[in-house]
Amino acid sequence: MSLPQSFIGRIIFIIEKYGMSMLKGAGTTLVIALIGTIAGCIIGFIVGTIQATPINKKDSILKRILLRFVKIVLDIYVEVFRGTPMMVQAMFIFYGSAVLFNIHMDMWTAACFIVSINTGAYMAETVRGGILSIPDGQTEGAMAIGMNHFQTMLYVVLPQALKNIMPQIGNNLIINIKDTCVLSVIGVVELFFVTKTVSGAYYTVFEANTITMAMYLFMTVVLSKLLRIIEKKLNGPENYSLSTTDTLAYTSGLLKYPSKEEQHEKEYNRS
Amino acid sequence: MKKSIIEVKHLKKSFGNHEVLKDINFSVKPGDVTSIIGASGSGKSTLLRCINLLETPTSGEILYNNEDVLLSKNIPSYRAKVGMVFQNFNLFENMNVLQNCMIGLTKVLKLDKEKAKKESLFFLEKVGMLPYVNAKPRQLSGGQKQRVAIARALAMRPDVLLFDEPTSALDPQMVGEVLSVIKSLAKEGFTMIIVTHEMAFARDVSNQVVFMSDGVILEKGTPEEIFVSPRNEKTRIFLDRFMNY
Ligand SMILES: Nc1ncnc2c1ncn2[C@@H]1O[C@H](COP(=O)(O)OP(=O)(O)OP(=O)(O)O)[C@@H](O)[C@H]1O
Ligand SMILES: [Mg+2]
């Protein structure tokens, strides 16, 4: 089969011949980016929450030392993975784990692992900032009704922080879709790897990369629109409806306010 | 004589080298409504926050049913018994009105959902916020937010309720709705400690008034003693200024 003369013709030629493998490469890119972003967010939430935990003078000495130690370790993690290129990290981890520990990761594991811990390092800082941006009043309100630190974080602070950092999570997903291309250095067959192969086969670098550009752009645009929708959902409805007593199926006779004695009795039953 | 439910003894609190509370002593019996009045910066909020352990006192004792809470291992369970209503409401922004009231019941008191909902609705009705159960805090007026905050605190069925200037952040026309809720609670015999700048309200609602100045209690007594015939010169000056404005 010979290569058509026109630019459009060559693009059609590549799509017909390599369309499927390029789609498969794009699929790989998407899956790695998604897994990496989700796992990275989980790592980021855990690390960021620990980083934002104040060291309390009233805690036992052991707890304070432990917390300080964990914080230092996590600090090093964040600095190392934010401060070095992902491409170098990929080589370092993939070949390093084989040489040093004799662990031979398969491509998928290596790819997801690298993207996850890289995203985790970025998200940790974002989450920490998100937590610090929630007004103290929210924490005090929660503590005043008897919530412990963990409950306060889980039910009050983190949900609000999550809402605030949704745009950042979206950003990370977009970045991950683009940056998985560096994983081609360890042989992950994602979109960019496929593109290199295709352009090499017929010397159609420009044409192949035009198609690839369009595919990356399509993925990032669709996903950012999708994330906008999720953001809106998290914001909740703009309006609320006034409830009437029947929609609540609430009969005021069901519960009478107990006298002091009854209240005390109740407490004993409760505990 | 009835036993004290809260007793503050030789309480001191410093921020750095700024001694904000200097040897505070007072006690509250079940059913007491105690108003704390005094000039801005005299340490009223700090005192209330110390009682709820949102601030850690520098020294002294806070006895709750005769036990020093500063030695307590389980501070959250003490806080669940001593409710707090804040000047800025501090409603959870990520929850609607009903969820704000329910969360403490389900997560702290471990009531089941059904029960928690019934209790919450009961107290929301009490403060007149039943129609707004689905609203988010940001969709409410200040007075409505504060009434929800009161319902949230009440739903925990605390033994003592602390109020830190519950109406200071409100427009004048909303002050009344919140004060009347607190008054009705006083009638029902709730034990309350209220920091307020509303002198007429303090006089009507409380059976003990505490006047603070520069981190000490200068005078305490019945509303008549404080408002009609204050013994301390500073109390008189403070009240005069208030009545004139
Ligand atoms: N977290 C803090 N760090 C340092 N100083 C503080 C802190 N909180 C309060 N203070 C200081 O303690 C003093 C008493 O403050 P507090 O808020 O208790 O006064 P207040 O009587 O409640 O006044 P207001 O009527 O204006 O609310 C003030 O001088 C204040 O600057
Ligand atoms: Mg104050």
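All names here are of chain B. Compared with the 20 Å implied by 1.5 Å per residue over 14 residues, the 20 Å span of helix 5 (residues 142–155) between its first and last C-alpha is a close match. With respect to burial, helix 5 is a largely interior element, 14 of its 14 residues being buried. Remark: Arg-157 follows helix 5 within two positions and exhibits a positive phi of approximately 50°.

Residues Met87(A), Val88(A), Met91(A), Tyr95(A) and Val185(A) make up a contiguous nonpolar surface patch of roughly 420 Å² in combined accessible area. Judged by relative accessible area, which is 48%, Val88(A) ranks as partly exposed.

We now examine the site of ligand 1. Residue and element names in this part refer to chain B. In the neighbourhood of ligand 1, 13 residues make up the surrounding shell, with Ser-40, Gly-41, Lys-44, Ser-45 and Thr-46 lying closest. Ser-42 places a polar main-chain atom, nitrogen or oxygen, 3.3 Å from an oxygen atom of ligand 1. Interatomic distance of 2.9 Å between a side-chain N/O atom of Glu-165 and an oxygen atom of ligand 1. When contributions to the shell around ligand 1 are tallied by element, the ones reaching two or more residues are strand 2 (18–28) and helix 1 (44–51). Counted by class, the shell around ligand 1 contains three nonpolar, eight polar and two charged residues.

This part takes up the interface of chain B and chain A. The interface of chain B with chain A comprises 50 residues on the first partner and 39 residues on the second. Summed over both partners, the interface of chain B with chain A buries about 3,900 Å², with 57% contributed by carbon and sulfur atoms. Its largest share of buried area at the contact with chain A, chain B owes to Phe92(B), Phe122(B) and Arg157(B), together 15% of the area lost on that side. Where chain B touches chain A, the interface holds one salt bridge.

Let's shift gears to the sheet that holds strand 9 (residues 208–213) of chain B. Residue and element names in this part refer to chain B. Ordered in space as 6-7-8-3-9-10, the six strands form an open sheet in which the pairing is mixed. Each edge of the open sheet carries a strand with a single partner, namely strand 6 (82–85) and strand 10 (216–221). Along the sheet, successive strands turn relative to each other by an average axial angle of 20°, direction set aside. Summarising the sheet, strand 9 and strand 10 pair through five bridges and their orientation is antiparallel. In the strand pairing of strand 10, Val-210 is matched with Lys-220. Sitting on the sheet, helix 1 touches strand 3 (33–38), strand 6, strand 7 (160–164), strand 8 (191–195) and strand 9, and the angle it makes with strand 7 is about 150°.

Now for the layout of surface pockets. In this structure, the largest pocket encloses a volume near 1,600 Å³. If you go around the largest pocket, you meet 46 residues; those closest to its centre are Pro54(A), Asn56(A), Asp59(A), Met143(A) and His149(A). For the lining of the largest pocket, the secondary-structure elements that each account for two or more residues are helix 1 (7–51), helix 2 (61–82), helix 4 (107–132), helix 5 (136–144) and helix 6 (149–179) of chain A together with helix 2 (75–81) of chain B. No other element matches the seven residues that helix 6 of chain A contributes to the lining of the largest pocket. Each residue belonging to the lining of the largest pocket can be placed in one class, and the counts come to 26 nonpolar, nine polar and 11 charged.

On to the confidence of the model for chain A, then. In regions of low pLDDT, the predicted coordinates are not meant to be interpreted in detail. Residues and elements named next belong to chain A. Looking at chain A, the pLDDT average stands at 84 and 89% of residues meet or exceed 70. Within chain A, the element-level pLDDT minimum falls on helix 9 (residues 260–270), averaging 44, and the maximum on helix 5, averaging 96. Contacts from residues 245–271, a stretch scored under 50 in pLDDT, to residues over four places away or in other chains number 41 contacts.

All names here are of chain A. Here helix 6 is 31 residues long, yet its end C-alpha atoms lie only 37 Å apart, well below the 45 Å a rise of 1.5 Å per residue gives. The axis of helix 6 is deflected most strongly, by about 55°, at Ile-165, and proline Pro-167 appears within four residues downstream. Where helix 6 begins, the side chain of Asn-148 points an oxygen toward the backbone nitrogen of Phe-150, at a separation of 3.2 Å.

Here the focus is the pattern of salt bridges. Under the criterion given, the structure shown has 10 salt bridges over all chains. Notably, a salt bridge pairs Glu207(A) with Arg10(A), separated by 2.6 Å at the nearest N-O pair. Placement of Glu207(A) in helix 8 (residues 205–235) and of Arg10(A) in helix 1 is noted, with a sequence separation of 197 residues between them. In this structure Glu207(A) comes out as buried when scored by relative accessible area, which is 5%. Glu79(A) is the partner of Arg82(A) in a salt bridge, and the nearest nitrogen-oxygen pair spans 3.8 Å. Of this pair, Arg82(A) and Glu79(A) both sit in helix 2, three residues apart, which is roughly one turn of the helix. Three or more residues joined by partner-sharing salt bridges are found here, namely Glu140(A), Arg49(B) and Glu55(B).

Residues and elements named next belong to chain B. Even without glycine at this site, Leu-53 takes up a positive phi of about 60°. With respect to the helices and strands, the residue Leu-53 is situated in the loop between helix 1 and strand 4 (59–64). For Leu-53, a relative accessible area of 8% translates into the label buried. If you check the backbone angles, Asn-90 has positive phi at about 55° while not being a glycine.

What follows covers the packing of helix 3 (residues 86–101) of chain A against helix 4 of chain A. Residues and elements named next belong to chain A. Look at helix 3 against helix 4: their axes get within 10 Å of each other, and the N-to-C directions meet at 130°. Overall, the two elements helix 3 and helix 4 adopt an arrangement that is oblique. The element helix 3 and its partner helix 4 pack so that their crossing is right-handed. Together, Met-86, Gln-89, Ala-90, Ile-93 and Phe-94 of helix 3 and Met-107, Ala-110, Phe-113, Ile-114, Val-115, Ile-117 and Asn-118 of helix 4 make up the contact between the two elements. Residues that form the contact of helix 3 with helix 4 fall into these classes: 10 nonpolar, two polar and no charged.

A few words on the pairing of strand 3 of chain B. Residue and element names in this part refer to chain B. Across the six residues that make up strand 3, a large majority, six, are buried. Of the pairings in the sheet, the one linking strand 3 to strand 8 comprises four bridges and is parallel in character. Its bridge partner lying in strand 8, Ile-36 is registered against Val-195. Pairing of strand 3 with strand 9 involves five bridges; the strand directions are parallel. Opposite Ile-36, over in strand 9, you have Val-210 as the bridge partner.

Cut-offs applied
- Residues numbered from 1 in each chain as written.
- Chains lettered and ligands numbered in written order.
- Predicted model: local features only at pLDDT ≥ 70, side-chain atom pairs only at ≥ 80, totals over all residues.
- Heavy atoms only, no water.
- Helix = DSSP H or I, 4+ residues; strand = E, 2+ residues; numbered from the N terminus.
- Expected span 1.5 Å × (residues − 1).
- Buried < 20%, exposed > 50% of the residue type's maximum accessible area, 1.4 Å probe, protein only.
- Patch = residues over 30% accessible without salt bridge, like charges linked within 9 Å, V, L, I, M, F, W, Y side chains within 5 Å.
- Areas by Shrake-Rupley, 256 points an atom, 1.4 Å probe, with all protein chains shown as cover.
- Salt bridge = Lys/Arg side-chain N within 4 Å of Asp/Glu carboxyl O.
- Near = heavy atom within 4 Å.
- Polar contact = N/O pair within 3.5 Å; in protein donor to acceptor, adjacent residues only side chain to side chain.
- Nonpolar A, V, L, I, M, F, W, Y, C, P; charged D, E, K, R; others polar.
- Contact = heavy atoms within 4.5 Å.
- Buried area = accessible area lost by both parts, 1.4 Å probe.
- Pairing = 2+ DSSP bridges.
- Axes fitted to C-alpha atoms, helices over the stretch in contact; angles between N-to-C directions.
- 1 Å grid on protein atoms, 1.4 Å probe; cavity = no way out; pocket = protein on both sides within 12 Å on 5 of 7 lines; lining within 4 Å.
- Points joined across faces, edges and corners; volume = space filled by probe spheres on them.
- pLDDT = per-residue confidence, 0-100.
- Bend = angle between axes of the 7 residues up to and from the residue.
- Parallel < 35°, antiparallel > 145°, perpendicular 65-115°, else oblique.
- Left-handed = near helix turned anticlockwise from the far one by under 90°.

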